Amino acid sequence: MAPLGFIEVLDAKGGVVERVPVDSFPINVGRAYGNQVILDDPYVCPVHVTLAPDEHGRLMARDQGSVNGLRADGRGACVASLELRSGTRFRIGHTTLRFCAVDHPLPATIKDRGGGLPTLVSPYSAVIAGAGIFLLLCLDSYLGMIERGSVARVVAEPVFTLAMLLVWSGLWALASRVVVGRFNFNPHVVIVSSAVAGFFVLGYSSEWMEFLFPAVPTMRAAGVLVSAMIVAALVYAHLGFASAMRRNSRVWAALSLSATMAGVSLISDLAGRNKFSNVMEFSGILKPIDAAWLPATSIDEFIERSRRLEQELDALAEKAKTAQP
């Protein structure tokens with residue numbers, strides 16, 4: 001015999017913890033073992049509510065003289081009875097329940113990430129992303145030097161930074177293994193590499209914009225806002241592979257963390273400014289172009305031109321003395 005519906009036990013976030021099929025009415029709900037729905041909640045009475053149709057055919061939940069009562073959707077005052085439609089929530093004790101008919105509409109099926117993102121989970125993508133970030137870090141290290149540097153000096157800091165990024169990806173991969181049962185190291189490497197590349201583009205773009213438009217006060221705030229968006233995207237993407245959270249929960253978690261970081265960044269930036277200084281400060285370093293790439297003259301030619309200029313200046317000085325009365 002097909003069930004008439006289901007009684008769902010929900011968690012604090014609205015997720016389904018347990019589904020109990022309803023084969024016939026009445027249905028007793030409580031802590032007693034003789035009930036059709038048994039709840040492990042000390043705030044629920046042995047027989048707390050009874051579910052049964054009334055004389056008009058409506059399915060009703062009736063309180064059985066419980067201590068903590070029956071509440072509609074967990075809010076408001078206690079009620080003696082409540083009409084149950086498909087999807088109606090009600091609360092007894094500290095437990096939220098929901099009645100669903102067999103034809104209750106379902107949300108759209110979520111596409112499997114393993115088959116939907118083959119490029120992102122590929123080891124080749126992780127290797128390419130890691131190599132690209134390493135080259136980008138080396139370029140940044142080279143551009144940050146104002147003196148002639150060796151290859152070892154250019155590579156030393158990027159190697160350490162890349163190691164930290166791999167450790168970061170490994171921690172998220174470990175969380176993925178514990179929570180969802182898959183290691184997911186490759187997508188975490190691609191995610192953090194994309195975020196670092198975004199921060200590089202943002203950093204250089206914001207420095208040039210502040211240099212070109214120093215009088216626009218919103219440039220710095222816009223940079224902080226974009227940084228917060230990158231952080232939110234980073235956390236959201238990591239949680240997508242390392243947790244079973246729903247999309248809305250991942251969005252709120254990412255936005256909350258990024259908003260907190262943006263607020264702290266703005267406060268520290270304002271606190272660190274010199275309010276009484278009229279000197280413009282720029283964090284970027286302009287790397288001089290290598291001399292081999294520029295048109296230049298030899299030392300001998302420079303000395304010869306200097307000697308000619310000196311002779312011309314001496315001749316003009318002698319001419320000026322002769323012209324004096």
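Residues numbered from 1 in each chain as written. Predicted model: local features only at pLDDT ≥ 70, side-chain atom pairs only at ≥ 80, totals over all residues. Heavy atoms only, no water.

Peer 1: What should I look at first to understand the packing of aromatic side chains in this one?
Peer 2: When we look at a pair of aromatic rings, we describe it by the centre distance and by the angle of the planes. For the structure on display, the rule yields two aromatic pairs. Between Phe-183 and Phe-185, the aromatic rings sit 6.3 Å apart at their centres with planes inclined by 25 degrees, giving stacked as the arrangement. (Phe/Tyr/Trp six-rings, centres within 6.5 Å; stacked < 30°, edge-to-face > 60°.)

Peer 1: Help me understand unusual backbone geometry, please; the structure alone is not making it clear to me.
Peer 2: Note: most residues except glycine have negative phi, and most peptide bonds are trans. Going from Phe-25 to Pro-26, the amide bond is cis rather than trans, its omega being 5 degrees. Residues other than glycine seldom take positive phi values, yet Asn-184 does so here, at roughly 55 degrees. By the element assignment, Asn-184 lies in the loop between α4 (151-179) and α5 (185-212). Classification of Asn-184 as buried rests on a relative accessible area of 14%. (Helix = DSSP H or I, 4+ residues; strand = E, 2+ residues; numbered from the N terminus. Buried < 20%, exposed > 50% of the residue type's maximum accessible area, 1.4 Å probe, protein only.)

Peer 1: Sorry if this is basic, but what is going on with the sheet that holds strand β5 (residues 49-53) here?
Peer 2: Picture the strands of a sheet paired through backbone hydrogen bonds; they go either parallel or antiparallel. Ordered in space as β4-β3-β5-β6-β9, the five strands form an open sheet in which the pairing is mixed. Edge strands, defined here as strands with exactly one partner in the open sheet, are β4 (37-38) and β9 (81-83). In this sheet, β9 lies alongside strand β6 (residues 59-63) in antiparallel orientation, the contact comprising three bridges. Within β9, the position partnered with Met-60 by the bridge is Glu-83. (Pairing = 2+ DSSP bridges.)

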